[in-house]
Amino acid sequence: QMFNMAQQELESRVDLFNKMTLSCFNKCIGSRRESELNMGENSCIDRCTAKYWQVTTIIGQLLGSSRPPM
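Every chain's residues receive numbers from 1 upward, in the order its sequence appears when written. Local features in this predicted model are restricted to residues whose pLDDT is 70 or higher, and side-chain atom pairs enter the listing and the counts only when it is 80 or higher, whereas totals over whole chains, interfaces and linings include all residues. Excluding hydrogens and water, the side-chain values take into account all heavy atoms of the structure.

A. Representation of the UniProt feature "domain: Tim10-like" (unreviewed entry) in the protein chain. UniProt positions are given in the numbering used here, feature names are shortened, and annotations may be inferred rather than shown by experiment. Using the residue numbers shown here, the UniProt feature "domain: Tim10-like" (unreviewed entry) corresponds to residues 2–63. Helix and strand assignments come from DSSP, with helices taken as H or I runs of at least 4 residues and strands as E runs of at least 2, each series counted from the N terminus. In residues 2–63, helix accounts for 84% and strand for 0%; the two terminal C-alpha atoms are 21 Å from one another.

In structure tokens, the structure reads:
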């Protein structure tokens with residue numbers, strides 16, 4: 001049972017990472033297809049991923065606490 005829980009947690013984190021990657025890519029890169037990111041794209045990716053993780057952490061804390069939803 002512990003193995004199944006760990007496997008589900010891993011799958012959940014992989015899914016979250018994939019969603020974040022797709023979301024930030026679409027927001028910051030879009031249809032542009034060059035071999036390297038420019039400074040603006042790098043900055044956008046940094047901000048997007050930081051915000052995504054921050055929101056995910058807040059949601060996890062709210063779901064894990066006994067506080068009612070806002």
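B. Broad picture of helix α2 (residues 39–64). The terminal C-alpha atoms of α2, which comprises 26 residues, lie 37 Å apart, in line with the 38 Å expected from a rise of 1.5 Å per residue. For every residue, the accessible area (1.4 Å probe, protein chains only) is compared with the maximum for its type, and the residue is labelled buried under 20%, exposed over 50%, or partly exposed between those bounds. For α2, every residue scored as buried is listed here: E41, C44 and C48. Residues adjacent in sequence count toward polar contacts only when both atoms are side-chain atoms; beyond that, a polar contact is any pair of N or O atoms within 3.5 Å, and within protein one must be able to donate a hydrogen and the other to accept it. Among the residues of α2, the N-terminal cap falls to N38, whose side-chain oxygen and the backbone nitrogen of G40 are separated by 3.0 Å. Multiplying one less than the number of residues by 1.5 Å gives the expected span of a helix.

C. Focus on the state of the cysteines. When the sulfur atoms of two cysteines come within 2.5 Å, that pair is taken as a disulfide. Tallied over the entire structure, the rule returns two disulfides. Here C24 is linked by a disulfide to C48, with a sulfur-sulfur distance of 2.0 Å. Handedness of the C24-C48 disulfide follows from its S-S torsion of about -85°: it is left-handed. Here the residue C24 occupies a position in helix α1 (residues 2–28), and C48 occupies one in helix α2, the gap between them amounting to 24 residues. Owing to a relative accessible area of 11%, C48 belongs among the buried residues under this scheme.

D. Region of interest: the packing of α1 against α2. Direction vectors running N to C along α1 and α2 enclose 140°, while the axes themselves pass 9 Å from each other. Pair α1 / α2 crosses with right-handed handedness. Residues L16, F17, K19, M20, S23, C24, K27 and C28 of α1 pack against E41, C44, I45, C48, T49, Y52, W53 and T56 of α2. Three residue categories are used. Nonpolar comprises Ala, Val, Leu, Ile, Met, Phe, Trp, Tyr, Cys and Pro, charged comprises Asp, Glu, Lys and Arg, and polar comprises the others, including Gly. Looking at side-chain class alone, the contact of α1 with α2 contains 10 nonpolar, three polar and three charged residues. Inter-axis angles, ranging from 0 to 180 degrees, are taken between N-to-C directions of lines fitted to C-alpha atoms, where helices are fitted over the stretch in contact. Throughout, a crossing is termed right-handed when the near helix is turned clockwise from the far one, and left-handed when it is turned anticlockwise from it by less than a right angle. Pairs of residues are marked as contacts when any of their non-hydrogen atoms sit within 4.5 Å.

E. The arrangement of a nonpolar patch on the surface in detail. The grouping of V55, I59 and L63 at the surface amounts to a nonpolar patch, some 310 Å² of accessible area in total. Classification of L63 as exposed rests on a relative accessible area of 71%. For patch building, the residue pool is restricted to those with more than 30% relative accessible area and no salt bridge; the joining distance is 9 Å between like charges and 5 Å between nonpolar side chains (Val, Leu, Ile, Met, Phe, Trp, Tyr). Methods summary: accessible areas were calculated by the Shrake-Rupley approach with a probe of 1.4 Å, and residue burial reflects only the protein chains presented. Put simply, a salt bridge is a Lys or Arg side-chain nitrogen that is within 4 Å of an Asp or Glu carboxyl oxygen.

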